[in-house]
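# Survey of secondary and tertiary structure
If you want the building blocks of each chain, they are given just below.
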Amino acid sequence: MGLQAEWGKDMALVSGMVETVHGIPVFRGFLDADEQRSLLSDLRDIARAAPPFSPITGWGKPMSVRITAAGRFCWYSDRRGYRYIEAHPATGQAFPPIPALALRAWHEFETRADPDCCLINHYREGARMGLHQDRDEADFSFPVVSISLGDPALFRIGGLERGDPTRSLWLYSGDVMVLSGENRLRFHGIDRIKAGESALLKDGGRLNLTLRRVGEM
Ligand code: SIN
Ligand code: FE2
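Below, the structure is looked at part by part. The structure displayed is predicted, hence computed values, not measured ones. Residue positions are given per chain, counted from 1 along the sequence in the order it is written. To label them, take the chains in the order written and letter them from A, then take the ligands in the order written and number them from 1. With the structure being a predicted model, the display of local features is reserved for residues of pLDDT at least 70 and the display and counting of side-chain atom pairs for 80 or more, all residues being used for whole-chain, interface and lining totals. In computing side-chain properties, one takes all heavy atoms of the structure into account and sets aside hydrogens as well as water.

## Examining the sheet that holds strand β10 (residues 167–171)
What counts is decided by this rule: DSSP calls a pair of strands paired once it identifies at least 2 bridges connecting them. In DSSP terms, a helix is any run of H or I states spanning at least four residues, a strand is any run of E spanning at least two, and both are numbered starting from the N terminus. Interaxial angle, 0 to 180 degrees, is taken between N-to-C directions of lines fitted to C-alpha atoms, where a helix line uses only the stretch in contact.
Taken together, the four strands give an open sheet; going across it, the order is β7-β12-β9-β10, and neighbouring strands pair in antiparallel fashion. Looking along the sheet, the strands with just one partner apiece sit at the ends: β7 (129–132) and β10. Ignoring strand direction, the axes of neighbouring strands in this sheet form an average angle of 25°. Two elements, strand β9 (residues 153–157) and strand β12 (residues 188–193), share five bridges in a ladder whose sense is antiparallel. Bridged to Phe155 within β12 is Ile190.

## Here we look at the packing of aromatic side chains
Basically, it comes down to this: Think of it this way: a Phe, Tyr or Trp ring, Trp meaning its six-membered ring, pairs with another when their centres are within 6.5 Å, and the plane angle makes it stacked under 30 degrees, edge-to-face over 60, tilted otherwise. Relative accessibility decides the category of a residue: with a 1.4 Å probe and only protein chains considered, values under 20% of the type maximum give buried, values over 50% give exposed, and everything between is partly exposed. Only when the NZ atom of a Lys or the CZ atom of an Arg is both within 6 Å of the ring centre and within 35 degrees of the ring normal do we say a charge sits over the ring.
Within the structure shown, the criterion is met by seven aromatic pairs. Taking the centre distance of 6.4 Å and the plane angle of 20° together, the rings of Trp106 and Phe142 count as stacked. Remark: Phe142 occurs in the loop between β7 and β8 (144–150) and Trp106 occurs in helix α2 (residues 100–107); sequence separation between them is 36 residues. Its relative accessible area of 0% is what places Trp106 among the buried residues. Counting every residue linked through ring pairs, the aromatic cluster contains Phe27, Phe30 and Phe109. In this structure, Arg112 packs its charged tip against the face of Phe142, placed 4.1 Å from the ring centre. Looking at Lys194, its charged tip hangs above the ring of Trp170, at a distance of 4.7 Å from the centre.

## Focus on the packing of helix α1 (residues 33–49) against α2
Formally: Put simply, angles under 35 degrees are roughly parallel, angles over 145 are roughly antiparallel, angles from 65 to 115 are roughly perpendicular, and the rest are oblique. Residue contacts are defined here by distance: any two heavy atoms, one from each residue, within 4.5 Å place the two residues in contact. Classification convention: Asp, Glu, Lys, Arg as charged; Ala, Val, Leu, Ile, Met, Phe, Trp, Tyr, Cys, Pro as nonpolar; all other residues, Gly among them, as polar.
Following both chains from N to C, one finds α1 and α2 inclined at 120°, their axes separated by 9 Å at the closest point. Regarding the angle of α1 to α2, the classification is oblique. Where α1 approaches α2, its residues Glu35, Ser38 and Leu39 are matched on the opposing element by Leu101, Ala102 and Arg104. Split by residue class, the contact of α1 with α2 holds three nonpolar, one polar and two charged.

Structure below.
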């Protein structure tokens, strides 16, 4: 693991394995195969302690993505709306600690504080995530650091308004993407995953981790 290039002042220097796709830095293969397997094994332990669930949208429909978390906060949604929670909705327990490998990835980009949320999204074939902004965190000067594992996902990124033009890019297993600065509040979502491409997850599909700082400093 490690940065293949130094950040430019505008965090957009492109070299080696760093690609700037539509202005978003994507670190291809940031986690090597061993690191991906090791992180996956931590995620299995987390899923046992804090079983993934499908949040219910405001319209009463379950999301196609299953979610759990590590760290203090987990994103949650039901008919009352969405919010961050600090106890698992079924077990009532706190969420397990954030895996060391994920923390290390975060610290490559942000050293002021640890993340207090590692949201874990599980996409099976056919799952998607509609266009949204990540804007329920206290301080947008902290980035969202995203780690992809398993099957490739078609990620869509737009502007600061829902109707702004969007562009798409594929995220592959081991890729790390950073939404910070002017990209932090861009609308984004997952159109689809390409099932059966990666052998990392036993039953296929994709896991996405987003490291965030939700609470006040
Ligand atoms: C998210 O926006 O919460 C997840 C994005 C992804 O799955 O890559
Ligand atoms: Fe998001």
